[in-house]
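Fold and contact review
The chain contents come next:
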Amino acid sequence: DISTLDTDKIAQALNSIGLEVDSIKQITIPKGVVIGEITQKDKHPNADKLSLCQIDIGEKIEQIICGAKNIATNQYVAVATIGTTLNIM
């Protein structure tokens, strides 16, 4: 957990060892986005290019239909839970 570290001090430390920090950008994760583990992946019964995934998000297991080709069990993924709004910046 590096949340208590000052970003300017991190940049100074990196610069002091020869790694140039050109800029710092603050990124925030929207409320409702969590990390989940894919515990099961099956072929969708009614679609060739979709997968039916069981994803453990900590408090419960969610069933999510996914179109990504590169997903697999035991991977960790970002999950926008129901009601979460994502904004493109």
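Scroll up for the structure.
Just so it is clear, the structure is predicted and the values come from calculations on it, not from any experiment.

What counts and what doesn't
- Residues numbered from 1 in each chain as written.
- Predicted model: local features only at pLDDT ≥ 70, side-chain atom pairs only at ≥ 80, totals over all residues.
- Heavy atoms only, no water.
- Helix = DSSP H or I, 4+ residues; strand = E, 2+ residues; numbered from the N terminus.
- Rg over C-alpha atoms; globule rule 2.2 N^0.38 Å.
- Contact = heavy atoms within 4.5 Å.
- Lys, Arg positive; Asp, Glu negative; His and termini not counted.
- Charge placed at Lys NZ, Arg CZ, Asp CG, Glu CD.
- Salt bridge = Lys/Arg side-chain N within 4 Å of Asp/Glu carboxyl O.
- Buried < 20%, exposed > 50% of the residue type's maximum accessible area, 1.4 Å probe, protein only.
- Polar contact = N/O pair within 3.5 Å; in protein donor to acceptor, adjacent residues only side chain to side chain.
- Pairing = 2+ DSSP bridges.
- Axes fitted to C-alpha atoms, helices over the stretch in contact; angles between N-to-C directions.

The helix and strand inventory of the chain stands at 1 helix and 4 strands. In sequence order, the chain lays out its α and β elements as α-β-β-β-β. Taken against the 2.2 N^0.38 rule, which gives 12 Å for 89 residues, the C-alpha radius of gyration of the chain at 18 Å runs more than 25% over that of a compact globule. Considered along the principal axes of its C-alpha atoms, the chain spans approximately 55 × 25 × 25 Å. In the chain, the share of contacts with a sequence separation of at least 24, taken over all contacts with a separation of at least 6, comes to 39%. Measuring between centres, the 8 positive side-chain charges of the chain sit 10 Å from its 11 negative side-chain charges.

Following the criterion strictly, the structure yields 2 salt bridges and no others. In this structure, Glu 62 and Lys 60 form a salt bridge, with 3.1 Å as the shortest nitrogen-oxygen distance.

In this section: the environment of His 44. Inspection of the secondary structure puts His 44 in the loop between β1 (33-43) and β2 (51-56). Owing to a relative accessible area of 14%, His 44 belongs among the buried residues under this scheme. When near neighbours in sequence (up to four residues on either side) are disregarded, His 44 contacts Leu 50, Ser 51, Leu 52 and Ile 65. A polar contact of 3.4 Å, which involves the side chain of His 44, links it to the backbone nitrogen of Ala 47.

One non-glycine residue with positive phi stands out, namely Asn 74, at about 70°. Examined against the element boundaries, Asn 74 turns out to sit in the loop between β3 (61-66) and β4 (76-80).

On to the sheet that holds β3. One open sheet accounts for 4 strands, arranged β3-β2-β1-β4; its pairing is antiparallel. Edge positions in the sheet fall to β3 and β4, since each of these pairs with one other strand and no more. Between one strand axis and the next, the sheet turns through 45° on average, direction left out of account. Here 6 bridges tie β1 to β2, and the two strands are oriented antiparallel to one another.

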